[in-house]
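Overview (structure and organization)
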Amino acid sequence: QVQLVESGGGLVQAGDSLRLSCAASGRTFSSYAMAWFRQAPGKEREFVAAIRSGGSTYYADSVKGRFTISRDNAKNTVYLQMNSLKPEDTAVYYCAADLDLYGDSRRQLDLIYDYWGQGTQVTVSS
């Protein structure tokens, strides 16, 4: 069992930066693939970024070049550095984990992730 706790959300202005963190419990964090998803009001949850156990990273086109996902296995933590934030980035951001059983082409699918955090709100004002 893995428990995920997100932090770092808040209210910022367009163009600002934020860094989200997701702390994971358990002794095998390095074996998990991690991901960030987000859900805006009235919209479906969407993929943001993922990082596999080996370090490969994947991004949604909407955040490519602005967001960076990284992990620190010694701290059991995954990060999402968000730069040049836009109002359309406003959403609840969720951290997710799975045992890295699925290939690259499925990393953006929420159904492959077994564990989810409670979410952290990010609001970007114009």
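Above: the structure in question.
Just so it is clear, the structure is predicted and the values come from calculations on it, not from any experiment. (Residues numbered from 1 in each chain as written. Predicted model: local features only at pLDDT ≥ 70, side-chain atom pairs only at ≥ 80, totals over all residues. Heavy atoms only, no water.)

Turning our attention to the state of the cysteines. Working definition of a disulfide: a covalent bond connecting the sulfur atoms of two cysteines. Tallied over the entire structure, the rule returns 1 disulfide. Note that Cys22 is cross-linked by a disulfide to Cys95, the S-S spacing being 2.1 Å. Because the sign of the S-S torsion sets the handedness, a value of about -80° for the bond joining Cys22 and Cys95 places this disulfide among the left-handed ones. Taken together, the residues span a long stretch of sequence, with Cys22 in strand S3 (residues 18-24) and Cys95 in strand S9 (residues 91-98) at a distance of 73 residues. Residue Cys95 is classed as buried on the basis of its relative accessible area, which comes to 0%. (Disulfide = S-S within 2.5 Å. Helix = DSSP H or I, 4+ residues; strand = E, 2+ residues; numbered from the N terminus. Buried < 20%, exposed > 50% of the residue type's maximum accessible area, 1.4 Å probe, protein only.)

Let's shift gears to the pairing of strand S1 (residues 4-7). Side chains of S1 alternate between two faces, with Leu4 and Glu6 buried and Val5 and Ser7 left unburied. Inspection of the sheet shows S1 paired to S3 by 4 bridges, in the antiparallel sense. Its bridge partner being in S3, Ser7 is matched across the sheet by Ser21. (Pairing = 2+ DSSP bridges.)

Here we take up the nonpolar core. Leu4, Met34, Trp36, Val78, Leu80, Met82 and Tyr93 are the most contacted members of the largest nonpolar core, which has 38 residues in total. Of all the secondary structure elements, the ones that give two or more residues to this core are S3, strand S4 (33-39), strand S5 (46-51), strand S7 (67-72), strand S8 (77-82), S9 and strand S11 (120-125). Beyond its immediate chain neighbours, meaning those up to four positions away, Met82 contacts Asp16, Ser17, Leu18, Leu20, Arg66, Phe67, Tyr93 and Val122. (Core = buried A, V, L, I, M, F, W, Y, C linked by side-chain atoms within 4.5 Å. Contact = heavy atoms within 4.5 Å.)

Bringing the pattern of salt bridges into the picture now. Within the structure shown, the criterion is met by 9 salt bridges. In this structure, Arg66 engages Asp89 in a salt bridge whose closest nitrogen and oxygen atoms are separated by 2.7 Å. A residue pair is termed long-range when its members are at least 10 positions apart, and Arg66 in the loop between strand S6 (57-59) and S7 and Asp89 in the loop between S8 and S9 qualify at 23 residues. Each member of the pair, Arg66 as well as Asp89, is classed as buried. Across the pair Arg107 and Asp100 runs a salt bridge whose closest N-O atoms are separated by 3.7 Å. Owing to a relative accessible area of 1%, Arg107 belongs among the buried residues under this scheme. For Asp100, a relative accessible area of 15% translates into the label buried. Linked through salt bridges whose partners overlap, the residues forming this network are Arg52, Asp98, Asp100, Asp104 and Arg107. (Salt bridge = Lys/Arg side-chain N within 4 Å of Asp/Glu carboxyl O.)

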